[in-house]
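Here is how the chains run, residue by residue.
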Amino acid sequence: LARAPEATRTICAWTGGSGLWTDSSKWSCGGAPGAADDVTINGAIGTTVSIPAGVLAQAHNVVITQGDIRGDGELRVNDLTLQTPVNAAQAMLFDGVLTVAGVWRLIGGWANIGHTVAAAVEMTGTASIQVNSGAVLTVTQSLKKYGGSLIALSSQGVRIAAGAIATVQSFH
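Rules used in this analysis
Residues numbered from 1 in each chain as written. Predicted model: local features only at pLDDT ≥ 70, side-chain atom pairs only at ≥ 80, totals over all residues. Heavy atoms only, no water. Helix = DSSP H or I, 4+ residues; strand = E, 2+ residues; numbered from the N terminus. Contact = heavy atoms within 4.5 Å. Areas by Shrake-Rupley, 256 points an atom, 1.4 Å probe, with all protein chains shown as cover. Salt bridge = Lys/Arg side-chain N within 4 Å of Asp/Glu carboxyl O. Buried < 20%, exposed > 50% of the residue type's maximum accessible area, 1.4 Å probe, protein only. Phe/Tyr/Trp six-rings, centres within 6.5 Å; stacked < 30°, edge-to-face > 60°. Disulfide = S-S within 2.5 Å. Pairing = 2+ DSSP bridges.

Peer 1: When you look at the overall build of the protein chain in this model, what are you seeing that I'm missing?
Peer 2: Looking only at helices and strands, the protein chain has zero helices and 16 strands in total. Here the contacts in the protein chain between residues at least 6 apart in sequence split such that 27% fall between residues at least 24 apart. In the form shown here, the protein chain has an accessible surface area of approximately 8300 Å², with 54% of it arising from carbon and sulfur atoms.

Structure representation (structure tokens):
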């Protein structure tokens, strides 16, 4: 049997200062990314990519090395990496719905989130997740937390699905 060809992935880099995810002029690929696109956000400190209510933002992979994502819309991705460079504050203040079908990696930085479903979460360094009041972080496959990482719960908290593996390792 012949395999179906994989969808061609376009790399979409955020090129402007702060703005809306849907603003075509802010993306190197000429338009807002789609579900098959790989996204990089490496703006200046203080750059904010906003996903407002009523907007569904999609991408295959999202890597944020500087800047942040904020909003109360919906973000669906396969993999999400929040990687904080040295001496940079990085945040994800996302009160909407976040769905990560694959792995959500937090390497330093912090996320303040609303309803979130992730197959896997990996936290290293000083990474932290704050689950907003009334929201739930659901992990369906694995949660790995290393070093000084922190998960803070304002409400119902974290749900680890039956059969998922949780690894928590801290250094004192």
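Peer 1: What is the right way to look at the pattern of salt bridges in this model?
Peer 2: Any two side chains of opposite charge can pair, so long as their charged atoms come close to each other. Tallied over the full model, the rule gives three salt bridges. Notably, a salt bridge pairs Arg70 with Asp68, separated by 3.0 Å at the nearest N-O pair. By relative accessible area, Arg70 is classed as partly exposed at 32%. As a salt-bridge pair, Arg105 and Glu122 come within 3.7 Å of each other at their nearest N and O atoms. In this pair, Arg105 is assigned in strand E9 (residues 97-107) and Glu122 in strand E11 (residues 116-124), connecting sequence segments 17 residues apart. We classify Arg105 as partly exposed; its relative accessible area is 29%. Under the relative-accessibility criterion, Glu122 is labelled partly exposed at 26%.

Peer 1: Just checking my understanding: could you explain the packing of aromatic side chains for this structure?
Peer 2: Under the definition given, this model contains two aromatic pairs. With 4.9 Å between their ring centres and 85° between their planes, Trp14 and Trp27 make a pair best called edge-to-face. Of this pair, Trp14 sits in the loop between strand E1 (11-13) and strand E2 (19-20) while Trp27 sits in the loop between E2 and strand E3 (38-42), and the two are 13 residues apart along the sequence. Side by side, Trp14 and Trp27 carry an identical accessibility label, which is buried. Judged by centre distance (5.1 Å) and plane angle (65°), the rings of Trp21 and Trp27 are edge-to-face. Take Trp27: its relative accessible area is 4%, and that puts it in the buried class. Here the aromatic cluster, defined as three or more aromatic residues joined through ring pairs, consists of Trp14, Trp21 and Trp27.

Peer 1: Mind showing me how you'd approach the state of the cysteines here?
Peer 2: Two cysteines form a disulfide when their sulfur atoms are joined by a covalent bond. Inspection of every chain in the model, using the stated rule, returns one disulfide. Bridging Cys12 to Cys29, the disulfide has an S-S length of 2.1 Å. Looking down the S-S bond of the Cys12 and Cys29 bridge, the torsion is 110°, so its handedness is right-handed. On the criterion of sequence distance, the pair formed by Cys12 in strand E1 and Cys29 in the loop between E2 and E3 is long-range, its members being 17 residues apart.

Peer 1: Help me understand the pairing of strand E5 (residues 56-66) in this model?
Peer 2: In the case of a regular strand, side chains alternate between the two sheet surfaces. Summarising the sheet, E3 and E5 pair through five bridges and their orientation is parallel. Residue pairing for E5: Asp38 is matched across the bridge by Asn61. Pairing geometry for E5 and strand E7 (residues 74-83), over eight bridges, is parallel. Note on E7: the bridge partner recorded for Gln58 is Arg76.

Shape is all these values report; function is a separate question.
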